[in-house]
Amino acid sequence: MDIYIVTGASKGIGQALFGQLQRDDQLVFGIARSNPNGHENFEEVDLTSRGNRKGLMEQLLTPYLATADSFTLINNAGTVEPVGKVGTLGTEAVHQAIELNLTAPIELSNEFIQVLSDTNVKKQIVNISSGAGRNAYEGWGIYCTTKAGLDRFSQVVRLEQQRVTHPVGIVSIAPGIIDTGMQETIRSSNVDGFPMLDQFINYKEEGKLRSAEDTAKLLIEWITDEDLTTTEVLARLG
């Protein structure tokens, strides 16, 4: 039995991953603030809350330590907000974005590695990053910063895991431009706060956005084919 944990599983790529990973030989846990479709094996957790995150990996993983063939954590939950130039951002919005985009995946990964430290099976962490973590864009100061932080965190984990007996594979992968609710949020931004607004509107109008379903399919194929203990830790999908 392969165990998968997908955060942000109620919409977008996370929802597509949660659905496509469902197989008889796989057990998939979804994590999100809400469970609008009433799925089984779904934890309704606000990942911006440190109290809610604590112990979550231990709760989900411990029952399967002696029986599972592999464990995969997909840190997908994230937000592009707040969109706006530095000097106009709300403090609470900044705090929430950092908690969701960076602190949560760090803490979940830390507990995932800790709980599985003595388990000699395939173990891997897939951090969903963005091209914004590798480039600077006006109006995306917090999004760029948190995704860049996720990239560097993944690089550090890779270095550390090379020194342990039963390593956890890790990758920080940029999935490309996808037709999700996040893109709708971007297109509803103010051009003064996000000068690239017209470009993202054109992506939609010109059909340049990949669907969440197609992205999830490619990502699952990529995860299945690659050895995340040795592949390039900063990757791009397609």
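Summary of the structure given here. (Residues numbered from 1 in each chain as written. Predicted model: local features only at pLDDT ≥ 70, side-chain atom pairs only at ≥ 80, totals over all residues. Heavy atoms only, no water.)

**Structural notes on the overall build of the protein chain**
A tally of helices and strands in the protein chain yields eight helices and nine strands. Expressed as a percentage of the 238 residues in the protein chain, the buried residues total 50%. Across the protein chain, every contact between residues at least 6 apart in sequence was considered, and the portion connecting residues at least 24 apart equals 68%. Accessible area of the protein chain: about 11,500 Å², with a carbon and sulfur share of 47%. (Helix = DSSP H or I, 4+ residues; strand = E, 2+ residues; numbered from the N terminus. Buried < 20%, exposed > 50% of the residue type's maximum accessible area, 1.4 Å probe, protein only. Contact = heavy atoms within 4.5 Å. Areas by Shrake-Rupley, 256 points an atom, 1.4 Å probe, with all protein chains shown as cover.)

**Describing helix H4 (residues 91-115)**
Here H4 spans 34 Å end to end across 25 residues, near enough to the 36 Å set by a 1.5 Å rise per residue. The largest bend along H4 measures about 40° and falls at Glu-99. (Expected span 1.5 Å × (residues − 1). Bend = angle between axes of the 7 residues up to and from the residue.)

**Description of the pairing of strand E1 (residues 2-7)**
For E1, the tally of buried residues reaches six of six residues, placing the bulk of the element in the interior. Alternating residues of E1 divide into Asp-2, Tyr-4 and Val-6 and Ile-3, Ile-5 and Thr-7, and every residue in both groups is buried. Judged from the six bridges that link them, E1 and strand E2 (residues 26-32) form a sheet pairing that is parallel. Bridging from a neighbouring strand, Thr-7 pairs with Ile-31 of E2. Crossover E1 to E2 through helix H1 (residues 12-20) is right-handed. Bridge analysis of E1 against strand E4 (residues 70-75) gives five bridges, and the strand direction is parallel. From the neighbouring strand, Asp-2 faces E4, where its bridge partner is Ser-70. (Pairing = 2+ DSSP bridges. Right-handed = clockwise from strand over helix to strand, strands pointing away.)

**Remarks on the layout of surface pockets**
Of the volumes computed, that of the second largest pocket is approximately 180 Å³. Secondary-structure elements contributing two or more residues to the lining of the second largest pocket are E1, E4, strand E5 (122-128) and helix H8 (212-225). Ranked by residue count, the leading element in the lining of the second largest pocket is H8, at three residues. Within the lining of the second largest pocket, the residues separate by chemical class into four nonpolar, six polar and three charged. (1 Å grid on protein atoms, 1.4 Å probe; cavity = no way out; pocket = protein on both sides within 12 Å on 5 of 7 lines; lining within 4 Å. Points joined across faces, edges and corners; volume = space filled by probe spheres on them. Nonpolar A, V, L, I, M, F, W, Y, C, P; charged D, E, K, R; others polar.)

**A short note on the nonpolar core**
Of all hydrophobic cores here, the largest spans 28 residues; its most connected members are Ile-5, Ile-31, Leu-47, Leu-56, Met-57, Leu-61 and Phe-112. At the level of secondary structure, the elements contributing two or more residues to this core comprise E1, E2, helix H3 (56-61), E4, H4 and helix H5 (141-161). Considering each element in turn, this core owes the most residues, six residues, to H4. Contacts of Leu-47, omitting those with residues within four sequence positions, involve Thr-7, Ile-31, Arg-53, Leu-56, Ala-77, Glu-99, Leu-100, Ala-104 and Leu-108. Membership of the second largest hydrophobic core comes to 26 residues, among which are Tyr-4, Ala-9, Leu-21 and Phe-42. (Core = buried A, V, L, I, M, F, W, Y, C linked by side-chain atoms within 4.5 Å.)

**Description of empty space enclosed by the protein**
Remark: the empty space left among the atoms is shown by a probe the size of a water molecule rolled over them. The tally for this structure, following the rule as stated, stands at one cavity of 30 Å³ or more. As a volume, the largest cavity reaches approximately 30 Å³. What lines the largest cavity is simply Thr-7, Leu-47, Asn-75, Ala-77, Leu-100, Ala-104, Pro-105 and Leu-108. Here the lining of the largest cavity takes four residues from H4, the largest share from any one element. Split into classes, the residues belonging to the lining of the largest cavity amount to six nonpolar, two polar and no charged.

**Comments concerning the pattern of salt bridges**
Enumeration over the complete set of coordinates arrives at eight salt bridges. Two residues, Asp-25 and Arg-23, come together in a salt bridge whose shortest N-O distance is 2.8 Å. Accessibility expressed as a relative area gives 37% for Asp-25, which makes it partly exposed. The exposure class assigned to Arg-23 is partly exposed, which follows from its relative accessible area of 47%. With a closest N to O distance of 3.8 Å, Lys-85 and Glu-138 form a salt bridge. Here the residue Lys-85 occupies a position in the loop between E4 and H4, and Glu-138 occupies one in the loop between E5 and H5, the gap between them amounting to 53 residues. Looking at Lys-85, the relative accessible area reads 36%, which means it is partly exposed. Salt bridges here are not isolated pairs; linked through shared partners, they connect Arg-50, Arg-53, Glu-99 and Glu-107. (Salt bridge = Lys/Arg side-chain N within 4 Å of Asp/Glu carboxyl O.)

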